[in-house]
Structure formats: C-alpha cells, structure tokens
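The chain contents come next:
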Amino acid sequence: LETTVPIALEPISGACGAVASGVDLRHELSSAALEEIENALDRHLVLIWPGQPLTAPEQAAFTRRLGPPSPVPFIQPTADHRDVVAIARRAEEPPRFNPAGGWHSDFSFLPEPPSYTVLQAVDVPPFGGDTIWANQYLAYNALSPPMQALLAPLGAVHSAARAFAPSMQAAFDALAEANVVTGPEAFDQEVHPVCVVHPGTGRPSLYVNREYTIGLDGLASQEAQPLLDFLAQHSTRAEFTCRWRWSRGDVVVWDNRCLQHMAMPDYRGHARRMLRTTVNGSRPVRFVESAAAVGAAGEQPR
Ligand SMILES: O=C(O)CCC(=O)C(=O)O
C-alpha cells in the first residue's frame, strides 16, 4: 500500500520542527512521498507524527525507507529488532545520571555520524521528559562574520570518552534498560569540521556539541576550551530551539547534521521509554564560502 500525499505540516516554533500528517508510517512510501518527507525535513529539520504507534519491526522498516541503518556502537539492540535501541528509565531510577540529558548530535564521534534519528515514545511520564532541538543553521548564521571566519578552517575533535568510557559502565548498569557495553574504543577520536555544509540543502551549519566534542584540532586546550564553551552556549540559545511534549505513540524524525538535541531530565518518579533507530550518514564536509558569497555577505546589514 502506498501512502497518501501531500503531507500537511504545522510548524511548532519559529526555529524548527513541524507536526506532520498525511502519511501512515506503517506503509510502504511512494518515491513521491519519500521525497516530500525529505524536503520537509530539509525545511523543518524535525518532523513529528503524533499518535502513530509502531512495533519495533515497523519502526525499523520505516527508518530503512529513509536509508540504510547506521552502526550503533555501545548501545545494544532491543530483543525485538536489531536496528532498534531503547532509551529508557524506570520510575524508581533517579535521573541523576541521564545519558541523553546533555546537548548532543547523535554519535558525532563516528567517522560517518547518522543523518536521521527516528524516535518513538512507548512510555511517557505524565509531565516532563520533553525533547528539545536546536537549529544549527541559525546558530551558524547568528555568528558575526569575523567569528565565522575564525571557525571556518577549524576541526573539532569528537570522542565518546565522556559518554561511553569503561568508567561509565557501573552508571549504565544501574539503569535496568540501558543495555550499554562501554569499551576502550570510546577513546577513539574523529576530527570533523566546526562549520559543515549540509549535503542536502548546501547550507552552512555549526557541528560541535558539549557531549562529544572534546577539543579543537591543533589548538591547546586552554585555547580550545573558551571557544567550545562559547559555542556550546551560543549554539543552544533558546531562540534556535523547538520542544516537543511526548504522548505515547508519537514518532519523530530529525536531522542530526543541522541540529543538536537533549532529553529534559525532569520526570523523577515516572517511567519514560523511547525506541530509537538511526539512518547511516556520510562524513561531514567543511563549509567553504565561495568568493562571491563572501562579497555578498559583506554587503548585507546584520
Ligand atoms: O530520549 C530523547 O528524548 C532523546 C534521546 C537521545 O537524545 C538520544 O537517543 O540520543
């Protein structure tokens, strides 16, 4: 069965995010519907389908329509499907340690980080546990031209060391459903450009995050840290964000290449369970402003 088109979209903030309707995610997608979804993602970055509960195999099948699955290091798959991981906390587990609670872009420490993430709410707290996304195109555009020029040649060092080093194993083991196997490969490092160009839209975006970015290539840590602190603050400014309050069965797709996100750890005493799948991405590419664009940008008032 092919899905119906067109997709109706209702933005949820001025920065990013739209509620989508007109697609049954359980069904095969026509190439026209798929193209519409990709175009909508390029425009809105986060697409939300309320109330479309999927089984784990259905979520995996929908995700595979967007592209082949991404490798998922450290987090073991659910018993229901090898593409699917659970992000879950039981009611009695205090949110002191909250793996997704800091701003990040999924697995940015991989050589080819995932393009899209699909997240479905299976169990939701009565309040709290929202996910917040920050638009990294806006974050890049809001920088002054001299700061953009300073960042343009820089590479950021990404690593899973803070999140998935063996010293974190006990913290994960205290969560009944975390299912994480840490390892020394968490110390592997990947350098990605600080300013990347999105392969679909051709637009520049910041690509650093507090969780996985541990330094700037070639800079001493005393030089890098103030810049990274500034970027972490700047890139997650409230006006770049949208926020979703989950209901059971909501399915959200977002583009990691131009967003950071975090899960709000404000639901102490309540369970929250999400199913996550990811689409394989490509190596991030440095944004290089063409000479013409530099000239044009220089003439624009800011
Ligand atoms: O649970 C969420 O809302 C977000 C999950 C997340 O950040 C992740 O899986 O990386």
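Residues numbered from 1 in each chain as written. Predicted model: local features only at pLDDT ≥ 70, side-chain atom pairs only at ≥ 80, totals over all residues. Heavy atoms only, no water.

1. Here we look at the overall build of the protein
Thinking step 1. Scanning the protein from terminus to terminus reveals eight helices and 16 strands.
Thinking step 2. Over its C-alpha atoms the protein spans a radius of gyration of 19 Å, differing by no more than 12% from the 19 Å that the globule rule assigns to 302 residues.
Thinking step 3. In terms of its C-alpha atoms, the protein occupies a principal-axis envelope of roughly 50 × 50 × 30 Å.
Thinking step 4. Residue burial in the protein is summarised as follows: out of 302 residues, 51% are buried.
Thinking step 5. A total accessible area of about 13,300 Å² is found for the protein, and carbon and sulfur atoms account for 55% of it.
Thinking step 6. Measuring between centres, the 23 positive side-chain charges of the protein sit 4 Å from its 32 negative side-chain charges. (Helix = DSSP H or I, 4+ residues; strand = E, 2+ residues; numbered from the N terminus. Rg over C-alpha atoms; globule rule 2.2 N^0.38 Å. Buried < 20%, exposed > 50% of the residue type's maximum accessible area, 1.4 Å probe, protein only. Areas by Shrake-Rupley, 256 points an atom, 1.4 Å probe, with all protein chains shown as cover. Lys, Arg positive; Asp, Glu negative; His and termini not counted. Charge placed at Lys NZ, Arg CZ, Asp CG, Glu CD.)

2. Quick look at the pattern of salt bridges
Thinking step 1. Counted by the stated rule, this structure contains twelve salt bridges.
Thinking step 2. Between E177 and R90 there is a salt bridge, with its nearest N and O atoms 3.9 Å apart. Placement of E177 in the loop between α6 (169–173) and β8 (189–193) and of R90 in the loop between β4 (85–89) and β5 (116–123) is noted, with a sequence separation of 87 residues between them.
Thinking step 3. Residue E177 is classed as partly exposed on the basis of its relative accessible area of 23%.
Thinking step 4. On the basis of relative accessibility, which here comes to 37%, the residue R90 falls in the partly exposed class.
Thinking step 5. Here R283 ties to E190 by a salt bridge, and the two come within 2.6 Å at their closest N and O atoms. Of the two residues, R283 is situated in the loop between β15 (272–278) and β16 (285–286) and E190 in strand β8; the sequence distance between them amounts to 93 residues.
Thinking step 6. Given a relative accessible area of 17%, E190 falls into the buried group. (Salt bridge = Lys/Arg side-chain N within 4 Å of Asp/Glu carboxyl O.)

3. What to know about the side chain of H44
Thinking step 1. With respect to the element layout, H44 can be found in helix α1 (residues 31–44).
Thinking step 2. Residue H44 is classed as buried on the basis of its relative accessible area, which comes to 15%.
Thinking step 3. Residues in contact with H44, not counting those within four places in the same chain, are L9, P11, C16, G17 and A18. (Contact = heavy atoms within 4.5 Å.)

4. A short note on the site of the ligand
Thinking step 1. The environment of the ligand is made up of I87, A100, H104, D106, L119, T131, H261, A263, R272, M274 and R276.
Thinking step 2. Within the side chain of T131, a nitrogen or oxygen atom sits 2.4 Å from an oxygen atom of the ligand.
Thinking step 3. Put simply, the ligand lies in the largest pocket.
Thinking step 4. Of all elements in the fold, only β14 (259–263) and β15 reach the threshold of two or more residues within the shell around the ligand. (Near = heavy atom within 4 Å. Polar contact = N/O pair within 3.5 Å; in protein donor to acceptor, adjacent residues only side chain to side chain. 1 Å grid on protein atoms, 1.4 Å probe; cavity = no way out; pocket = protein on both sides within 12 Å on 5 of 7 lines; lining within 4 Å. Sits in = over half its atoms within 2 Å of the grid points.)

5. Description of helix α2 (residues 56–66)
Thinking step 1. The complete set of buried residues in α2 reads A56, Q59, A60, F62, T63, R65 and L66.
Thinking step 2. Of the surrounding secondary structure, the elements contacted by the buried residues of α2 are α1, β3 (46–49), β5, β13 (251–255) and β15.
Thinking step 3. Directly after α2, the chain includes G67, whose backbone phi takes a positive value near 155 degrees.

6. Focus: the sheet that holds β3
Thinking step 1. The strand order across the open sheet built from seven strands is β1-β2-β3-β13-β5-β15-β4, with neighbouring strands paired in mixed fashion. The strands lining the two open edges of the sheet, one partner per strand, are β1 (8–11) and β4. Strand-to-strand twist across the sheet, computed as the mean angle between neighbouring axes with direction ignored, equals 25 degrees.
Thinking step 2. Sitting on the sheet, α1 touches β1, β2 (18–21), β3, β5 and β13, and the angle it makes with β3 is about 120 degrees.
Thinking step 3. Contacting β3, β5, β13 and β15, α2 crosses the sheet at an angle of about 165 degrees to β5. (Pairing = 2+ DSSP bridges. Axes fitted to C-alpha atoms, helices over the stretch in contact; angles between N-to-C directions.)

This is a description of form; function is not addressed.
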